[in-house]
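Descriptive structure summary
In case you want the letters, here they are:
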Amino acid sequence: MSRSLNEVESIAWKAARGAGYPWGIAEEAAAAVRWLAARGIDGCPALAFLLERTDGSNLDDWSPEPGKIWSAPGGVLCPLMAGAALSDHAGRLQQRALEFGQMASPVLFLPFAGWAAARIGANLQVTWPGGSSFTDGEGLVLQGDPSWDLGGMMVAVSDEMPEARPGASRAFPDPQAWDRLGEFSRRVHAPASEASRRFGAGGADGIDDD
């Protein structure tokens, strides 16, 4: 199944919104899945898995708290929120590495490393138990599989930038993951309830004044 990068970005945004993520983080999710797809990596399964885990939960439990190792109160970091923290503190990487604790769907964290690399004008290496990646902001080199939970990830400036993987102009999302994202995205377009029809944009009709 081939999809355009715009289609991948759109369904990722709608799915994240449907799963309860705020507007800004949903935009980050969409951009991250597109960034991965443009480098030949299907981020849809990782996003679907993440949304299934966070759906209905308190997102504060998944948000990073600063420290020597950034960690989540609930024990597992959301890669989107951890990535946003990395973006906010990218300048620190010029002095020292940043370390993050256990993370769900960590492949979704890699685009944020790419954006941080572009922001500070340096190559960045992300390492985790059993693998690593390199990015200069545009290219991505992936050594290992960061698709599922990892015990920790460290981001540091690197002198290395091996040959990057080829780019892609189309995405090939996993069909089951695509369908699951579609289920989340349909929540954004859920039919109006009787109450919302009565009290929505044109809902003044039928409201008694007494």
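Shown above is the structure to which this text applies.
The structure contained in this document is the topic of the report that follows. Everything numeric here is computed off the predicted structure, so don't read it as measured data. (Residues numbered from 1 in each chain as written. Predicted model: local features only at pLDDT ≥ 70, side-chain atom pairs only at ≥ 80, totals over all residues. Heavy atoms only, no water.)

1. Notes on the overall build of the protein
Going by this rule: Runs of E in the DSSP output that reach at least two residues are strands. Runs of H or I that reach at least four are helices, and both are numbered from the N terminus. Accessibility here uses a 1.4 Å probe with only protein chains present; expressed as a share of the type maximum, an area under 20% marks a residue as buried, one over 50% as exposed, and anything in between as partly exposed. The contact criterion used throughout is that any non-hydrogen atoms of two residues lie within 4.5 Å.
Along the protein, the regular secondary structure elements total 7 helices and 7 strands. If you list the helices and strands of the protein from N to C, you get β-α-α-α-α-β-α-β-β-β-β-β-α-α. Considered along the principal axes of its C-alpha atoms, the protein spans approximately 70 × 40 × 25 Å. Taking all 210 residues of the protein together, the buried fraction comes to 45%. Here the analysis covers contacts within the protein between residues at least 6 apart in sequence; of these, 67% occur between residues at least 24 apart.

2. A look at the nonpolar core
Nonpolar side chains in soluble globular proteins tend to end up buried together. As a reminder, the rule being used: Put simply, buried Ala, Val, Leu, Ile, Met, Phe, Trp, Tyr and Cys residues joined by side-chain atoms within 4.5 Å make one nonpolar core.
Tyr21, Leu47, Leu80, Leu86, Phe100, Leu108 and Phe109 are the most contacted members of the largest nonpolar core, which has 65 residues in total. If near-sequence neighbours (up to four positions away) are discounted, phenylalanine 109 is found in contact with Pro79, Ala82, Gly83, Leu86, Phe100, Met103, Val126, Met153 and Val155.

3. Comments concerning the packing of helix H4 (residues 79–88) against helix H5 (residues 110–120)
What counts is decided by this rule: Orientation is described by axes fitted as lines to C-alpha atoms, over the contacting stretch for helices, and by angles from 0 to 180 degrees between their N-to-C directions. If an angle is under 35 degrees, it is roughly parallel; if it is over 145, roughly antiparallel; if it lies from 65 to 115, roughly perpendicular; otherwise it is oblique. In the scheme used here, Gly and all other residues not listed as nonpolar or charged are polar, with Ala, Val, Leu, Ile, Met, Phe, Trp, Tyr, Cys and Pro taken as nonpolar and Asp, Glu, Lys and Arg as charged.
The N-to-C vectors of H4 and H5 enclose an angle of 5°; their axes lie 9 Å apart at closest approach. Compared by their axis directions, H4 and H5 come out roughly parallel. Contacts between H4 and H5 pair Pro79, Leu80, Gly83, Ala84, Leu86, Ser87 and Asp88 from the former with Phe112, Ala113, Ala116 and Arg119 from the latter. The residue inventory of the contact of H4 with H5, partitioned by class, reads 7 nonpolar, 2 polar and 2 charged.

4. Brief notes about helix H2 (residues 23–37)
Working note: α-helix, 3.6 residues per turn, so residues spaced by three or four point in the same direction. As a reminder of what qualifies: The span one expects for a helix is its residue count, reduced by one, times 1.5 Å.
Taking 1.5 Å per residue, 15 residues should reach 21 Å; H2 reaches 21 Å between its end C-alpha atoms and fits that length. By the burial criterion, the buried members of H2 are Ile25, Ala26, Ala29, Ala30, Ala32, Val33, Trp35, Leu36 and Ala37.

5. Details of the side chain of serine 105
The test is simple: In protein, a polar contact means a hydrogen-donor-capable atom and an acceptor-capable atom, both N or O and within 3.5 Å, with residues adjacent in sequence counting only if both atoms are side-chain atoms; elsewhere, any N or O pair within 3.5 Å suffices.
Relative to the assigned elements, serine 105 resides in the loop between strand S2 (98–100) and H5. Only 2.8 Å separates the side chain of serine 105 from the backbone oxygen of alanine 46, close enough to count as a polar contact. Not counting residues up to four positions away in its chain, the partners in contact with serine 105 are Ala46, Phe49, Leu50, Pro79, Pro146, Ser147, Trp148 and Asp149.

6. Comments concerning the pattern of salt bridges
Heads up, the rule is: Here, a salt bridge means any Lys or Arg side-chain nitrogen found within 4 Å of an Asp or Glu carboxyl oxygen.
Overall, the coordinates contain 6 salt bridges when judged by the stated rule. Salt-bridge contacts for arginine 180 lead to glutamate 183; the nearest nitrogen and oxygen are separated by 2.6 Å. Residue arginine 180 and its partner glutamate 183 are located together in helix H6 (residues 175–185), separated by 3 residues, close to a single helical turn. Under the relative-accessibility criterion, glutamate 183 is labelled partly exposed at 41%. Salt bridges sharing partners connect three or more residues here, namely Glu52, Arg180 and Glu183.

7. What about the packing of aromatic side chains?
When we look at a pair of aromatic rings, we describe it by the centre distance and by the angle of the planes. Selection criterion: Geometry of aromatic contacts follows a simple scheme: Phe, Tyr and Trp rings, the Trp one being its six-membered ring, pair when their centres are within 6.5 Å, and the pair is stacked under 30 degrees between planes, edge-to-face over 60, tilted otherwise. Charge over a ring is defined by NZ of Lys or CZ of Arg lying within 6 Å of the ring centre and within 35 degrees of the ring normal.
A complete count under the given rule lists 4 aromatic pairs for this structure. Feature note: the residues Trp70, Phe100 and Phe109 constitute an aromatic cluster, connected by ring pairs. Above the plane of the ring of tryptophan 35 lies arginine 39, whose end atom (NZ or CZ) is 3.9 Å from the centre.

8. Describing the environment of glutamate 65
Checked against the element boundaries, glutamate 65 lands in the loop between helix H3 (44–54) and H4. Since its relative accessible area comes to 44%, glutamate 65 is described here as partly exposed. Residue contacts for glutamate 65: discarding those within four places in its chain leaves Trp70, Ser71 and Pro73.

9. Thoughts on the pairing of strand S5 (residues 140–143)
This is how the line gets drawn: Only when DSSP finds a minimum of two bridges between them are two strands counted as paired.
Bridge count between strand S4 (residues 131–135) and S5: 4 bridges; the pairing is antiparallel. Residue pairing across strands places serine 132 opposite glutamine 143, the latter belonging to S5.

10. Overview of the sheet that holds S4
Taken together, 5 strands build an open sheet; the order of strands is S2-S6-S3-S4-S5 and the sheet is antiparallel. If you trace the sheet from one side to the other, it starts and ends with S2 and S5, each paired once. Across the sheet, the axes of successive neighbouring strands diverge by a mean angle of 15°, strand direction being ignored. Taken together, the 3 bridges between S2 and strand S6 (residues 153–157) define a ladder with antiparallel strand orientation. Among the inter-strand pairings, phenylalanine 100 is bridged to a residue of S6, identified as methionine 153. Along the sheet, H5 makes contact with strand S3 (124–128), S4, S5 and S6, crossing S3 at roughly 150°.

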